[in-house]
Amino acid sequence: MTATSSLITLVADTPLKTNNVQAWITGNLVPLLLLAVALLLLWLGGGKGDNAGVMRRIGGVIVALAIIGIAITGAGVDIGKWLAGLFTG
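Just so it is clear, the structure is predicted and the values come from calculations on it, not from any experiment. (Residues numbered from 1 in each chain as written. Predicted model: local features only at pLDDT ≥ 70, side-chain atom pairs only at ≥ 80, totals over all residues. Heavy atoms only, no water.)

**Digging into the overall build of the chain**
Thinking step 1. A count of helical and extended segments in the chain gives four helices and zero strands.
Thinking step 2. In the chain, the succession of α and β elements from N to C terminus is α-α-α-α.
Thinking step 3. When the accessible surface of the chain is totalled, it reaches about 7400 Å², and 72% of it is carbon and sulfur. (Helix = DSSP H or I, 4+ residues; strand = E, 2+ residues; numbered from the N terminus. Areas by Shrake-Rupley, 256 points an atom, 1.4 Å probe, with all protein chains shown as cover.)

See the structure below:
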């Protein structure tokens, strides 16, 4: 048995998972993107004195953060059941 065939056997027997990539994205990429958005909002609106425009944009960022939080925690199913319970009783 050659080294190549043993490597192919090892790779074929190992299942692929994305847990590490997901943990890296939630731990590193999301905070960096939020920091970049915050700095961009302050630079674009705060420098011109457009505080109302900055606050409107921050409202959109808060909605986006809520959606990211629901997606990361998996709470979407519970929220869907709660909403359905409002209409079905």
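**Brief notes about helix α3 (residues 51-73)**
Thinking step 1. Taking 1.5 Å as the rise per residue, α3 with 23 residues should run 33 Å; its terminal C-alpha atoms sit 32 Å apart, in good agreement.
Thinking step 2. The first or second residue beyond α3 is G74, which carries a positive phi of 75 degrees. (Expected span 1.5 Å × (residues − 1).)

**Focus: the confidence of the model for the chain**
Thinking step 1. When pLDDT is averaged along the chain, the result is 77, and 80% of the positions lie at 70 or above.
Thinking step 2. Confidence, expressed as mean pLDDT per element, reaches its minimum in the chain at helix α1 (residues 3-13) with 68 and its maximum at helix α4 (residues 76-88) with 86. (pLDDT = per-residue confidence, 0-100.)

**Observations regarding the UniProt feature "transmembrane region" (unreviewed entry) in the chain**
Thinking step 1. UniProt marks residues 23-46 and 58-77 with the feature "transmembrane region" (unreviewed entry), using the numbering shown here.
Thinking step 2. End-to-end, the C-alpha atoms of residues 58-77 are 27 Å apart, and along that stretch the chain is 90% helix and 0% strand. (UniProt positions renumbered as here; feature names shortened; annotations may be inferred.)

**Observations regarding α4**
Thinking step 1. The end-to-end C-alpha separation of α4 is 18 Å, in line with the 18 Å expected for 13 residues at 1.5 Å each.
Thinking step 2. Summarising burial for α4: zero of the 13 residues are buried, a small minority. (Buried < 20%, exposed > 50% of the residue type's maximum accessible area, 1.4 Å probe, protein only.)

**Concerning a nonpolar patch on the surface**
Thinking step 1. A contiguous nonpolar surface patch, about 660 Å² in accessible area, is contributed by I70, I79, W82, L83, L86 and F87.
Thinking step 2. No other element matches the five residues that α4 contributes to the nonpolar patch.
Thinking step 3. Topologically, I70 is positioned in helix α3. (Patch = residues over 30% accessible without salt bridge, like charges linked within 9 Å, V, L, I, M, F, W, Y side chains within 5 Å. Salt bridge = Lys/Arg side-chain N within 4 Å of Asp/Glu carboxyl O.)

**Points about the environment of M55**
Thinking step 1. Mapped onto the secondary structure, M55 falls in helix α3.
Thinking step 2. Between the C-alpha atoms of M55 and L41, which are 14 residues apart in sequence, the distance is 9.1 Å.

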